[in-house]
Amino acid sequence: MKIVLHQANFRSFFGLICSFYTRSQWSHASIVTDEAWWDTTFSRGYFDHREVEPNRNVLVFDLPDISGEELCKSKRGTKYDRAGLLLYPFDLHTEGKEFCYETVVDLLRAHGIKVAVGRASPKKILDALEGYHFRYCKEGEVRGV
């Protein structure tokens, strides 16, 4: 399994909001399993398979001993927490809904990886994965993830 952090797309209003709120260049997170690439987005409105997004810089964490397939399948269709994103600075959430960072944090915790408590963010994901093998993928290499 791989965890993918996507660099901010400043042409996207919500990418801009995510980067601003989280103070991070990584405005989105997704999961790659043996079977599919998964995420939840504001525009789609729920967690499901995603298309590869060419020409976007990503940071990839390869966790070869972990399979996220079961968790991803169980979360399929989970509604996107639009209010949670818009109210991110206040750490308010809608019960039963998630945004991208929360889904990744749930997956990491389900596999015994310690993630700091509090609001999910790229920094918390990066801190939790500090000891894992990772590599940077430049534009055009996204399909190789």
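Above this text is the structure in question.
Please read these numbers as outputs of a predicted model, since none were measured by experiment.

J.: Even after reading the chapter, I still don't get the overall build of the protein, so can you show me in this structure?
T.: The helix and strand tally for the protein stands at five helices and six strands. Secondary structure elements in the protein, listed N-terminal to C-terminal, are β-α-β-β-β-β-α-α-α-α-β. At 14 Å, the protein has a C-alpha radius of gyration in line with the 15 Å of a compact globule built from 145 residues. With the C-alpha coordinates of the protein rotated into their principal frame, the extents come out at 35 × 35 × 25 Å.

J.: Where do I start with the environment of Leu107 in this structure?
T.: Structurally, Leu107 can be placed in helix H4 (residues 100-110). Along the chain, Leu107 and Ala36 lie 71 residues apart, while their C-alpha atoms are 15 Å from each other.

J.: Would you mind showing me how to read the pattern of salt bridges here?
T.: Once the charged atoms of two side chains with opposite charge are near each other, the side chains can pair. For the structure shown, the criterion picks out seven salt bridges. We note a salt bridge from Lys75 to Glu98, for which the minimum N-O separation is 2.7 Å. Remark: Glu98 occurs in the loop between helix H3 (82-86) and H4 and Lys75 occurs in helix H2 (residues 69-75); sequence separation between them is 23 residues. Between Lys75 and Asp106 there is a salt bridge, with the nearest N and O atoms lying 2.9 Å from each other. One end of the pair, Lys75, is in helix H2; the other, Asp106, is in helix H4, with 31 residues separating them in the sequence. Among the charged side chains, a salt-bridge network with shared partners connects Asp39, Arg44 and Arg50.

J.: Help me understand the layout of surface pockets in this model?
T.: Any space left empty among the atoms is revealed by the rolling of a water-sized probe across them. Computed from the structure, the largest pocket encloses a volume of approximately 330 Å³. As for the largest pocket, its lining consists of 18 residues, and the residues nearest its centre are Ser12, Phe14, Gly15, His28 and Thr41. For the lining of the largest pocket, the secondary structure elements donating two or more residues are helix H1 (13-22), strand S2 (26-32) and strand S3 (37-40). The dominant element in the lining of the largest pocket, judged by the number of residues it contributes, is H1, at three residues. Volume-wise, the second largest pocket comes out at about 170 Å³. Class assignment for the residues of the lining of the second largest pocket results in five nonpolar, three polar and four charged.

J.: How do you make sense of the packing of aromatic side chains when you look at a structure like this?
T.: Each aromatic ring pair is specified by the distance between its two centres and by the angle formed by the two planes. In total, this model carries five aromatic pairs according to the counting rule given. Here the aromatic residues Tyr21, Tyr88, Phe99 and Tyr101 are joined through ring pairs into a cluster of three or more. Positioned over the ring face of Tyr46 is Arg44, at 5.8 Å from the centre of the ring. It is Arg119 that lies over the ring of Tyr88; its NZ or CZ is 4.7 Å from the centre.

Conventions we followed
Residues numbered from 1 in each chain as written. Predicted model: local features only at pLDDT ≥ 70, side-chain atom pairs only at ≥ 80, totals over all residues. Heavy atoms only, no water. Helix = DSSP H or I, 4+ residues; strand = E, 2+ residues; numbered from the N terminus. Rg over C-alpha atoms; globule rule 2.2 N^0.38 Å. Salt bridge = Lys/Arg side-chain N within 4 Å of Asp/Glu carboxyl O. 1 Å grid on protein atoms, 1.4 Å probe; cavity = no way out; pocket = protein on both sides within 12 Å on 5 of 7 lines; lining within 4 Å. Points joined across faces, edges and corners; volume = space filled by probe spheres on them. Nonpolar A, V, L, I, M, F, W, Y, C, P; charged D, E, K, R; others polar. Phe/Tyr/Trp six-rings, centres within 6.5 Å; stacked < 30°, edge-to-face > 60°. Lys NZ or Arg CZ within 6 Å of the ring centre and 35° of its normal.

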